[in-house]
Amino acid sequence: MVRRKQGMALVIVLLISAVMVVLGMCFLGKRSTQLRTAQFEAESAQAYEAAAAGMESARVKLLKDDHFPPVGESDQKIFSYTENVYDIDGTTLVGYYQVTVDSTWLAKPYQALRVVSTGLVIRTGQVVGQRTLMGELDLRDGSPTQYRFVNWQDLGSL
């Protein structure tokens, strides 16, 4: 009889151990998903900031340069450029932004420029985060110090 009780105790301990292992695996799987989600959110936030830097770059270029965007052929309405984004140390490349300035609505009565900026975050040579912003600059006041975004949209991420 004692041997039978010892056998049952062993079976119960093995079952409890199996349940604990399954619960542990579920917990670790959930934590792994949470870590990936947090990393995606951080990269998306960095890409948003890079895109916002591109928007501000275009606005400042308009304020400081009377010939921005450069005039090409008469039917050329879109101008694009790309600039790198560095970490606070000034040497570590974080990513870059691509800015497109559309002057289709520059003539009266609209007098507006559409600016689209895409921020990209790079890790080990691959794009890991991307965010696109679009805004329209109101140029009707005539004074460059009054240039402001009147319509701002976050077009999403990768």
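Residues numbered from 1 in each chain as written. Predicted model: local features only at pLDDT ≥ 70, side-chain atom pairs only at ≥ 80, totals over all residues. Heavy atoms only, no water.

### Describing the overall build of the protein chain
In step 1: When helices and strands are counted, the protein chain shows one helix and five strands.
In step 2: When the elements of the protein chain are put in sequence order from the N terminus, they spell out α-β-β-β-β-β.
In step 3: In terms of overall size, the protein chain is more extended than a compact globule, its C-alpha atoms giving a radius of gyration of 28 Å where 158 residues would be expected to give roughly 15 Å.
In step 4: The principal-axis extents of the C-alpha atoms in the protein chain amount to approximately 100 × 35 × 30 Å.
In step 5: Across the 158 residues that make up the protein chain, the buried fraction comes to 27%.
In step 6: Carbon and sulfur atoms make up 59% of the accessible area of the protein chain, which totals about 10900 Å².
In step 7: In the protein chain, which carries 16 positive and 16 negative side-chain charges, the distance between the mean positions of the two groups comes to 19 Å. (Helix = DSSP H or I, 4+ residues; strand = E, 2+ residues; numbered from the N terminus. Rg over C-alpha atoms; globule rule 2.2 N^0.38 Å. Buried < 20%, exposed > 50% of the residue type's maximum accessible area, 1.4 Å probe, protein only. Areas by Shrake-Rupley, 256 points an atom, 1.4 Å probe, with all protein chains shown as cover. Lys, Arg positive; Asp, Glu negative; His and termini not counted. Charge placed at Lys NZ, Arg CZ, Asp CG, Glu CD.)

### Describing the nonpolar core
In step 1: By size, the foremost hydrophobic cluster in this structure holds 18 residues, and its most contacted members are V99 and L137.
In step 2: Once you skip the residues sitting within four places of it in the chain, V99 turns out to touch G54, A58, F79, S80, Y81, V115, V116 and S117. (Core = buried A, V, L, I, M, F, W, Y, C linked by side-chain atoms within 4.5 Å. Contact = heavy atoms within 4.5 Å.)

### A closer look at a nonpolar patch on the surface
In step 1: Together, I12, I16, V19, M20 and L23 make up an exposed nonpolar region whose accessible area comes to about 500 Å².
In step 2: The residue L23 is located in helix α1 (residues 2-64) in this model. (Patch = residues over 30% accessible without salt bridge, like charges linked within 9 Å, V, L, I, M, F, W, Y side chains within 5 Å. Salt bridge = Lys/Arg side-chain N within 4 Å of Asp/Glu carboxyl O.)

### Examining the sheet that holds strand β1 (residues 78-86)
In step 1: Ordered in space as β1-β2-β3-β4-β5, the five strands form an open sheet in which the pairing is antiparallel. Two strands in the sheet have a free side with no partner beyond their single neighbour: β1 and β5 (148-157). Strand-to-strand twist in this sheet, taken as the mean axis angle between neighbours without regard to direction, amounts to 20°.
In step 2: Note: strand β3 (residues 112-123) against strand β4 (residues 126-138), twelve bridges, orientation antiparallel. Bridging across to β4, R123 finds its partner in Q126. (Pairing = 2+ DSSP bridges. Axes fitted to C-alpha atoms, helices over the stretch in contact; angles between N-to-C directions.)

### Section: the pairing of strand β2 (residues 93-102)
In step 1: Bridge count for β1 against β2 is nine bridges, and the pairing is antiparallel. By the bridge assignment, T82 is partnered in β2 with Q98.
In step 2: In textbook terms, the turn of a hairpin is the stretch between consecutive antiparallel strands, and for β1 and β2 this stretch comprises six residues, one of which, G90, has a positive phi near 80°.
In step 3: When β2 meets β3, the two strands line up antiparallel, connected through eight bridges. Of the residues in β3, the one forming a bridge with T100 is V116.

### With respect to the confidence of the model for the protein chain
In step 1: On average, residues of the protein chain carry a pLDDT of 85, and 91% of them reach 70 or more.
In step 2: Least confident of the elements in the protein chain is β5, whose mean pLDDT is 81; most confident is β2, at 94. (pLDDT = per-residue confidence, 0-100.)

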